[in-house]
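# Fold and geometry: a report
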Amino acid sequence: MPVGDENPRSSPGGRRMQDAPGGGVGPGLSPVDRRTLLVCSFILAAALGQMNFTGHQVLRVLAKNEKQLSLLRDLESLKPQKVDFWRGPARPSLPVDMRVPFSELKDVKAYLESHGLAYSVMIKDIQVLLDQEREAMAKSRRLERSTSSFSYSSYHTLEEIYSWMDNFVTEHSDIVSKIQIGHSFENRSILVLKFSTGGSQRPAIWMDTGIHSREWITHATGIWTAKKIVNEYGKDPILTNILKSMDIFVEIVSNPDGFAFTHSMNRLWRKNKCNRPGVFCIGVDLNRNWRSGFGGNGSNDNPCSETYRGPYPHSEPEVAAIVDFITAHGNIKALISIHSYSQMLMYPYGHLLEPVSNEEELMWRVESLSTGPMTAASSTPSASSSGTLGAMASCCRPQRSSPRPRRCGWQFRPS
């Protein structure tokens, strides 16, 4: 199931509940009681294993105008840590998708109805889908063990991906190598695959996936893209020519701590796992931690928010590792970051409304690949789940249509 959001202006920056320190849990509780309740919830979750989302629903809301969009944005401050926007309020023409816990459904639906906001239930029970996903993974894992193979049509754990990377590099050592560019907050290795035919400090393309840990389809896309590069090198003339003069770097797991946590505890965890003295809530939204546009629209200064930007730009080791590597390299010509769950192509800069100088060139490239509006997101990793290489080269012809890109987009690279 694809989860997450990558609308850079999807939430009201800096809004927070004024009378609920730490994000709040409910009315009528003292700050101490709220924290005690949250601690007990975490202890219970740890004791029981994976967090359960039985009864959680995803609602799709259609806002008619800017006033109704504002009401949806207000919902996040009214229900901190409760309403999880998968597709945030952006403009009236776009639907808003949000996950609502079972305990909050009655209140949230009443809020929507009282303000004349039309909604439908898109997912009736999230846990049903998560159970199906876990069952499919277990079945695939049994098959992989019996055949000593790696399935490119299934999701994998961090350990499985890192093991695959080691084998992948060994099998294709003539073109692929592995680089460690840093360590995560919990001291896990941050690894990058380098595709190169030789030479040093050549012009390069950077691609990262999984910066939002719950967006498993992006990790699968990174793995599939790596496989496609080695399979098509020497066959596809454009990709072959690119690798004759350029290198390609692919960071498959950009948020290893958060990704490991989605497998061990909370499937819908989005941020990294940093914790700081005096801050009760855990994690920073790594895609809001870049210097470019830091603190602008779509980010939040509340540490309990899913879009918490962090205390300062590049404060997180996962982001700092990317920035340091790209800065030291000094010759990166293209940067691609893969997200789910929104169906859109975004390009710089997400914190600005003005068109970029080469907008016409960007629009031409996308329109040359487009055959119509993009269809619904796929929840199963497959070759047709990504047109990534279609934009990087022609080795992977897009097998589904592309969206018309929005003017705003990525807000994430070092300035």
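Residues numbered from 1 in each chain as written. Predicted model: local features only at pLDDT ≥ 70, side-chain atom pairs only at ≥ 80, totals over all residues. Heavy atoms only, no water.

Take the sheet that holds strand E1 (residues 57-62) next. Reading across the sheet, the four strands line up as E2-E3-E1-E4 and stay open at both edges, with antiparallel pairing between neighbours. Looking at which strands have only one partner, the edges of the open sheet turn out to be strand E2 (84-87) and strand E4 (118-123). For this sheet, the mean angle separating the axes of adjacent strands, direction not counted, is 30°. Taken together, the three bridges between E2 and strand E3 (residues 96-100) define a ladder with antiparallel strand orientation. The residue bridging Arg87 from the neighbouring strand is Asp97, located in E3. Across the sheet, helix H2 (residues 66-78) touches E1, E2 and E3, and the angle it forms with E3 is around 25°. With respect to the sheet, helix H3 (residues 105-114) is in contact with E1, E3 and E4, its orientation differing from that of E1 by roughly 5°. (Pairing = 2+ DSSP bridges. Helix = DSSP H or I, 4+ residues; strand = E, 2+ residues; numbered from the N terminus. Axes fitted to C-alpha atoms, helices over the stretch in contact; angles between N-to-C directions. Contact = heavy atoms within 4.5 Å.)

As a packed pair, H2 and H3 sit with axes 11 Å apart at the nearest point and diverge in direction by 150°. Classified by the interaxial angle, the pair formed by H2 and H3 is roughly antiparallel. Classified by chirality, the crossing of H3 by H2 is right-handed. Contact with H2, carried on its side by Leu71, Leu72, Asp74, Leu75 and Leu78, involves Val108, Tyr111 and Leu112 of H3 and no other residues of that element. (Parallel < 35°, antiparallel > 145°, perpendicular 65-115°, else oblique. Left-handed = near helix turned anticlockwise from the far one by under 90°.)

With that settled, consider the pattern of salt bridges. In total, this model carries 16 salt bridges according to the counting rule given. With a closest N to O distance of 2.8 Å, Arg214 and Asp84 form a salt bridge. Within this pair, whereas Arg214 is found in the loop between strand E7 (204-209) and helix H6 (216-232), its partner Asp84 is found in strand E2, the two being separated by 130 residues in sequence. Of the two residues, Arg214 and Asp84, neither departs from the other in class, the shared state being buried. Residue Arg202 pairs with Asp247 through a salt bridge whose shortest N-O separation is 2.7 Å. Here Arg202, found in the loop between strand E6 (189-195) and E7, pairs with Asp247, found in strand E8 (residues 247-251); they are 45 residues apart in sequence, far enough to count as distant. Overall, the relative accessible area of 1% leaves Asp247 in the buried class. Connected via shared salt-bridge partners are Glu186, Arg188, Asp257 and Lys273. (Salt bridge = Lys/Arg side-chain N within 4 Å of Asp/Glu carboxyl O. Buried < 20%, exposed > 50% of the residue type's maximum accessible area, 1.4 Å probe, protein only.)

We now examine the confidence of the model for the protein chain. Scored by pLDDT, the protein chain has a mean of 80; 75% of the residues are at 70 or more. pLDDT under 50 marks residues 1-29. Its contacts with residues more than four places away, or in other chains, come to 119 contacts. Contacts of residues 370-415 to residues separated by more than four positions or lying in other chains number 147 contacts, the stretch itself having pLDDT below 50. (pLDDT = per-residue confidence, 0-100.)

Right, let's get into the sheet that holds E7. One open sheet holds the five strands; their spatial order is E5-E6-E8-E7-E9, and the pairing between them is mixed. The outermost strands of the open sheet, each flanked by one partner alone, are strand E5 (176-183) and strand E9 (332-338). Geometrically, the sheet is characterised by an average inter-axis angle of 20° between neighbouring strands, direction not taken into account. Across five bridges, E7 lies against E8 in parallel orientation. Across the sheet, the residue bridging to Ile205 is Ile248, located in E8. Its contacts with the sheet put helix H9 (residues 317-329) on E5, E6, E7, E8 and E9, and the angle it makes with E5 is roughly 125°.

Per the stated rule, a full pass over the model turns up one disulfide. The disulfide partner of Cys281 is Cys304, and the S-S distance across this bridge is 1.9 Å. A torsion of 80° about the S-S bond marks the disulfide between Cys281 and Cys304 as right-handed. Of this pair, Cys281 sits in the loop between helix H8 (256-264) and H9 while Cys304 sits in the loop between H8 and H9; the two residues are 23 residues apart in sequence, bridging distant segments of the chain. The exposure class of Cys281 is buried, given its relative accessible area of 11%. (Disulfide = S-S within 2.5 Å.)

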